[in-house]
Amino acid sequence: MALLDIIVAPDPRLKKKAAAVERVDAATRKLMDDMLETMYDAPGVGLAAPQVGVSRRIIVIDPAGEDEKPAPLKMANPEIVWASEETKPHEEGCLSLPEEYQEVIRPASIKVRYLDEHNEIRTLDADGLLAVIIQHEMDHLEGTLFVDHLSALKRNMIIKRLTKIKKFEQKSGKRTPVEA
Ligand code: NI
């Protein structure tokens, strides 16, 4: 397994719609495993392939807390086949938007269909944190970041701050602690 570089916004690769996976093969499985390792290392609870520069419809998730048993999920071509009318606000963060946490409102429960790591079609009912993470990661496949759900004012403030950090890094060749 290998650790992958996580792309930080603003970056055009985070705004692209990802392509469908034709078949989950050994190379896809390797990518899923590398993505999981990268996610655990970050640490984060979800990661989408476009965040590591791969424009394909692959996400990995683990909603388990620090003291809980790991519960990794690997999904290719996830599709929401049902979403509740009931919505819920939840504070979200994103490995591509370091140090930013904002409340996003999304459907509270969903049913998702996807291909697992063995190329088998599966469906999963999710609510709570798991539903939030799946929807957040699926947004990445459309080139959408959680800040795109916020007001333009809030979004611009966050992007401005991240642009400043990037410029500083390019000039000085240093990484700021915020990207640690
Ligand atoms: Ni994210």
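Above this note sits the structure.
Small disclaimer: the values here were computed from a predicted structure and weren't measured. (Residues numbered from 1 in each chain as written. Predicted model: local features only at pLDDT ≥ 70, side-chain atom pairs only at ≥ 80, totals over all residues. Heavy atoms only, no water.)

A. Region of interest: the side chain of D139. Positionally, D139 belongs in helix α2 (residues 128-141). With a relative accessible area of 15%, D139 lands in the buried category. Each residue touching D139, except ones within four places of it in the same chain, is listed here: R106, T144 and H149. (Helix = DSSP H or I, 4+ residues; strand = E, 2+ residues; numbered from the N terminus. Buried < 20%, exposed > 50% of the residue type's maximum accessible area, 1.4 Å probe, protein only. Contact = heavy atoms within 4.5 Å.)

B. Region of interest: the environment of G93. Note that G93 resides in strand β4 (residues 87-94). Placed 90 residues apart in sequence, G93 and L3 show a C-alpha to C-alpha distance of 20 Å. Sequence-distant contacts of G93, that is, excluding residues within four places in its chain, are made with E100, Y101, H136 and F146.

C. Here's a closer look at the coordination of the nickel ion. Only C94 (SG), H136 (NE2) and H140 (NE2) from the protein reach the nickel ion as donors, at distances of 2.1 to 2.2 Å. Between consecutive donor residues of the nickel ion, the sequence gaps follow C-x41-H-x3-H. Remark: H140 and H136 occur in helix α2; sequence separation between them is four residues, near one turn of the helix. Classification of H136 as buried rests on a relative accessible area of 6%. Taking relative accessible area as the criterion, H140 reaches 1% and is therefore assigned buried. (Donors = N, O, S within 2.8 Å, 3.2 Å for Na, K, Ca; no water.)

D. Region of the structure containing α2. If you check α2, its first and last C-alpha atoms are 21 Å apart, about what 14 residues at 1.5 Å a residue would give, namely 20 Å. With respect to burial, α2 is a largely interior element, twelve of its 14 residues being buried. Within α2, burial applies to L130, A131, V132, I133, I134, Q135, H136, E137, M138, D139, H140 and L141. At the C-terminal side of α2, G143 shows a positive phi close to 80°. (Expected span 1.5 Å × (residues − 1).)

E. Seen up close, the environment of H149. Structurally, H149 is set in the loop between α2 and α3 (152-172). For the pair H149 and L97, spaced 52 residues apart in the sequence, the C-alpha separation amounts to 14 Å. Only 2.6 Å separates the side chain of H149 from the side chain of D139, close enough to count as a polar contact. (Polar contact = N/O pair within 3.5 Å; in protein donor to acceptor, adjacent residues only side chain to side chain.)

F. Geometry of the pairing of strand β7 (residues 121-127). Looking at chain direction, strand β6 (residues 109-115) and β7 are connected through seven bridges and run antiparallel. Paired with S109 across the strands is D127, a residue of β7. As consecutive antiparallel partners, β6 and β7 are separated by five residues, and within that stretch N119 has a phi angle of approximately 65°, a positive value. (Pairing = 2+ DSSP bridges.)

G. The arrangement of unusual backbone geometry in detail. Cis peptide bonds are those with omega within 30 degrees of zero, and the linkage from A9 to P10 qualifies with -5°. Within the element layout of this structure, P10 appears in the segment before α1 (26-41). Cis geometry marks the peptide bond from A42 to P43, where omega comes out at -5°. With respect to the element layout, P43 can be found in the loop between α1 and β1 (46-48). Positive phi, close to 50°, is recorded for N77, a residue that is not glycine. You can see N77 is positioned in strand β3 (residues 73-83). If you check the backbone angles, E99 has positive phi at about 70° while not being a glycine. Along the chain, the position of E99 falls in strand β5 (residues 97-107).

H. Structural context of the sheet that holds β1. As summarised here, the arrangement of the five strands in space is β1-β2-β3-β6-β7, forming an open sheet in which the pairing is antiparallel. With partners counted over all chains shown, the strands left at the sheet margins are β1 and β7, one partner each. Between one strand axis and the next, the sheet turns through 40° on average, direction left out of account. As judged from the four bridges shared by strand β2 (residues 58-61) and β3, these two strands associate in the antiparallel manner. Directly across from I59, in β3, lies its bridge partner M75. Packing of α1 onto the sheet brings it into contact with β1, β2 and β3, and relative to β2 it is tilted by some 40°. The strands touched by α2 within the sheet are β1, β2, β3, β6 and β7, with β2 carrying the most contacts at an inclination of about 155°. (Axes fitted to C-alpha atoms, helices over the stretch in contact; angles between N-to-C directions.)

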